[in-house]
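Residues per chain are reported as follows:
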Amino acid sequence: MNEMIRDISIPEGWDRRGLPGWCYHSDALLELEKQHVFREHWQIACHVSDIPEPGNYIAMDVVGERALILRGQDGSVRGFHNICRHRGSRLVADDKGTCRNALVCPFHGWVYNLDGTLRGAARPRSFPPLDKDEFGLVPLETEVWMGFVFIRFAKGPQPSVAEQMQPFAEELGHYHCETMVPAASIWTHVSPVNWKSVRDVDNEGYHVAMAHPALQDLYGSTYYDEPFVGGLCRSFATYNPHAGRRWSVRNYVAIAPEATHLPARLRKTWIYYGLFPNAVIAVTPETVQFYQEFPLSTGKTLLRGGVYRHASETRQQRAARYLGFRIDRDTQAEDVQLTVWSNEAMTSKAFHGFYLSDLEYGVRTHHDHLRSVLPVMTLDQAPEEERIAGINADMRGAR
């Protein structure tokens, strides 16, 4: 049952076309996307439980930026650019680790406190006096919401995460995400497609019945998608009354304990909450997870995510989580193949664009959000590459 009040109606006579094929293969458009779609919008970096102790850190490289998320001596979580203020070296080279009480640049040995301030330069007499704040690490806009750590590389159109995600706060709050702990390390996978092809598949469930036999078995008869409204979307499903044709599903439904920590309406549900442009927080009675995608090039995408479990997980919950993982693992592999097939078709002269079902309205609304950020995407024909940035700037200025 959907008790949230949002206008998710599908308009009559809506434009069933998606983005034109050129938008998936333009290097010039990708550079605009990096800045205006990714750097200027909130991104999930990790969960607070990934960095539980002072000195713990997570590093991530995305869209030409290097981020460092660090737990300070005061317990606060902060985000910084992973760049030494001396010559720009990386301060940390690993994706995850711990520093005792300071960060030491491996290039020349500049030392930074865990709050980002400069402790001191190596051979300080070779420099004029250095202000610890002026030469401190460059901070990232950082916000913790329900245990997830969000960062933003540049100011953008979204409000705070708490304000942006408010329509989902009451429902998601039942899962107590902030108390979860990692089920495994943050994972990554590189897929040979444009990032938008990944999002296109994830933004609709029309393909579930045909392409995802395990999901169809578990919840296919009840699954539905809500379109993007105000930068948010949601997909909701409860278990089928007779789920269990497949081994993983049959045992998952049989083993999973009654989720008494949740309201009755959520005890047998899988829900996916989408945040524009590229993030999803997904919940089951046993887990909370996030996943996202970042472009590496027009034809290569980094998939990234993390899965979290109850801190006091029972044996039954652990077994159910494992079976849920098997279902998710197969689903992800199936989705990767679907994105490859869809993405490769867009270079063919026989490709004439999308013609979307009412069940794929979420794809259209995500595309509309992209068009609002980059109006050059409204053009059916590809402009010359060197003119794309200027045309987009003119179109933005004309609004």
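You'll find the structure just up there.
Residues numbered from 1 in each chain as written. Predicted model: local features only at pLDDT ≥ 70, side-chain atom pairs only at ≥ 80, totals over all residues. Heavy atoms only, no water.

Attention now moves to the overall build of the protein chain. Across its full length, the protein chain holds 10 helices and 18 strands. A compact globule built from 399 residues should have a C-alpha radius of gyration of about 21 Å, and the protein chain, at 22 Å, falls within 12% of that. The dimensions of the protein chain, computed from C-alpha atoms along their principal axes, are 75 × 60 × 35 Å. Taken across its 399 residues, the protein chain has 53% of its residues classed as buried. Contacts in the protein chain between residues at least 24 apart in sequence constitute 67% of all its contacts with a sequence separation of at least 6. Of note, the protein chain has its 42 positive side-chain charges centred 6 Å away from the centre of its 48 negative side-chain charges. (Helix = DSSP H or I, 4+ residues; strand = E, 2+ residues; numbered from the N terminus. Rg over C-alpha atoms; globule rule 2.2 N^0.38 Å. Buried < 20%, exposed > 50% of the residue type's maximum accessible area, 1.4 Å probe, protein only. Contact = heavy atoms within 4.5 Å. Lys, Arg positive; Asp, Glu negative; His and termini not counted. Charge placed at Lys NZ, Arg CZ, Asp CG, Glu CD.)

Glancing now at unusual backbone geometry. With an omega of 10 degrees, the peptide bond running from Phe-276 to Pro-277 counts as cis. Residue position: Pro-277 is located in the loop between strand E15 (269-275) and strand E16 (279-283). Positive phi outside glycine occurs at Val-63, with the angle close to 40 degrees. Relative to the assigned elements, Val-63 resides in the loop between strand E2 (56-62) and strand E3 (65-71). Given the relative accessible area of 5%, Val-63 is considered buried.

The tally for this structure, following the rule as stated, stands at 23 salt bridges. Two residues, Glu-65 and Arg-39, come together in a salt bridge whose shortest N-O distance is 3.5 Å. Here Glu-65, found in strand E3, pairs with Arg-39, found in helix H1 (residues 27-39); they are 26 residues apart in sequence, far enough to count as distant. Note on accessibility: Glu-65 and Arg-39 belong to one class, buried. (Salt bridge = Lys/Arg side-chain N within 4 Å of Asp/Glu carboxyl O.)

Bringing a negative patch on the surface into the picture now. A cluster of acidic residues, Asp-27, Glu-384, Glu-385 and Glu-386, forms a negative patch at the surface. For Glu-385, the position within the fold is in the loop between helix H9 (361-373) and helix H10 (388-397). (Patch = residues over 30% accessible without salt bridge, like charges linked within 9 Å, V, L, I, M, F, W, Y side chains within 5 Å. Areas by Shrake-Rupley, 256 points an atom, 1.4 Å probe, with all protein chains shown as cover.)

One pass over the structure, following the stated rule, counts 16 aromatic pairs. Ring geometry for Phe-148 versus Phe-290: centroids 6.2 Å apart, planes at 80 degrees, classification edge-to-face. Placement of Phe-148 in strand E10 (residues 148-152) and of Phe-290 in strand E17 (residues 287-297) is noted, with a sequence separation of 142 residues between them. We classify Phe-148 as buried; its relative accessible area is 0%. Ring plane angle 85 degrees and centroid distance 6.2 Å describe the contact between Phe-148 and Tyr-308, whose orientation is recorded as edge-to-face. Of this pair, Phe-148 sits in strand E10 while Tyr-308 sits in strand E18 (residues 300-309), placing them 160 residues apart in sequence. Chaining the aromatic ring pairs together yields one cluster made of Tyr-219, Tyr-223, Tyr-239, Tyr-252 and Trp-270. (Phe/Tyr/Trp six-rings, centres within 6.5 Å; stacked < 30°, edge-to-face > 60°.)

Following the sequence through the fold, Arg-71 ends up in strand E3. No salt bridge forms around the buried Arg-71; measuring N to O, its nearest opposite-charge neighbour Glu-53 is 7.5 Å away. In this structure Arg-71 touches Val-48, Ile-51, Pro-52, Glu-53, Pro-54, Gly-55, Asn-56, Ser-76, Val-77 and Leu-114, once residues within four positions along its chain are discounted.

Within this structure, the stated rule accounts for 1 cavity of 30 Å³ or more. Quantified by volume, the largest cavity comes out at close to 30 Å³. Lining the largest cavity, in full, are Ile-44, Phe-150, Met-165, Tyr-273, Gly-274, Leu-275, Ala-279, Val-280 and Ile-281. Elements that contribute at least two residues to the lining of the largest cavity include exactly E15 and E16. Looking at the lining of the largest cavity residue by residue, the class counts come to 8 nonpolar, 1 polar and no charged. (1 Å grid on protein atoms, 1.4 Å probe; cavity = no way out; pocket = protein on both sides within 12 Å on 5 of 7 lines; lining within 4 Å. Points joined across faces, edges and corners; volume = space filled by probe spheres on them. Nonpolar A, V, L, I, M, F, W, Y, C, P; charged D, E, K, R; others polar.)

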